[in-house]
Amino acid sequence: MHSFGARAAAGDIVRVAVTDAVRCSLTAGRSAWRRVAKGLPAGDPVRAAIVAGLS
């Protein structure tokens, strides 16, 4: 596997992990995730994963 492919796969794993963590959070945790997302720029992949978990 090319290093780019490994990085892309790792990025997918992180995205899924963050999305799942947000979805499993209780109300207080979800509020904390919202605050984290607000502090990240619009195109940030972590922000996108958080928003996906909150949806």
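In short, a report on the structure.

Reading guide: rules and limits
Residues numbered from 1 in each chain as written. Predicted model: local features only at pLDDT ≥ 70, side-chain atom pairs only at ≥ 80, totals over all residues. Heavy atoms only, no water. Axes fitted to C-alpha atoms, helices over the stretch in contact; angles between N-to-C directions. Helix = DSSP H or I, 4+ residues; strand = E, 2+ residues; numbered from the N terminus. Left-handed = near helix turned anticlockwise from the far one by under 90°. Contact = heavy atoms within 4.5 Å. Nonpolar A, V, L, I, M, F, W, Y, C, P; charged D, E, K, R; others polar. Core = buried A, V, L, I, M, F, W, Y, C linked by side-chain atoms within 4.5 Å. Buried < 20%, exposed > 50% of the residue type's maximum accessible area, 1.4 Å probe, protein only.

Thoughts on the packing of helix 2 (residues 27–38) against helix 3 (residues 45–54)
Helix 3 packs onto helix 2 with a crossing angle of 145 degrees between their chain directions and a minimal axis gap of 9 Å. In this structure, the crossing between helix 2 and helix 3 has a hand that is left-handed. The residues of helix 3 that touch helix 2, namely those facing Arg-30, Trp-33, Arg-34, Val-36 and Ala-37, are Arg-47, Ile-50, Gly-53 and Leu-54. Partitioned by chemical class, the residues of the contact of helix 2 with helix 3 number five nonpolar, one polar and three charged.

Thoughts on the nonpolar core
In this structure, Val-18, Val-22, Ala-37, Ala-49 and Ile-50 together form the largest nonpolar core, which totals five residues. Going through the elements one at a time, helix 1 (3–24) and helix 3 are the ones with two or more residues in this core. Non-local contacts of Ala-37, meaning those with residues more than four positions away in its chain, are made with Arg-47 and Ile-50.

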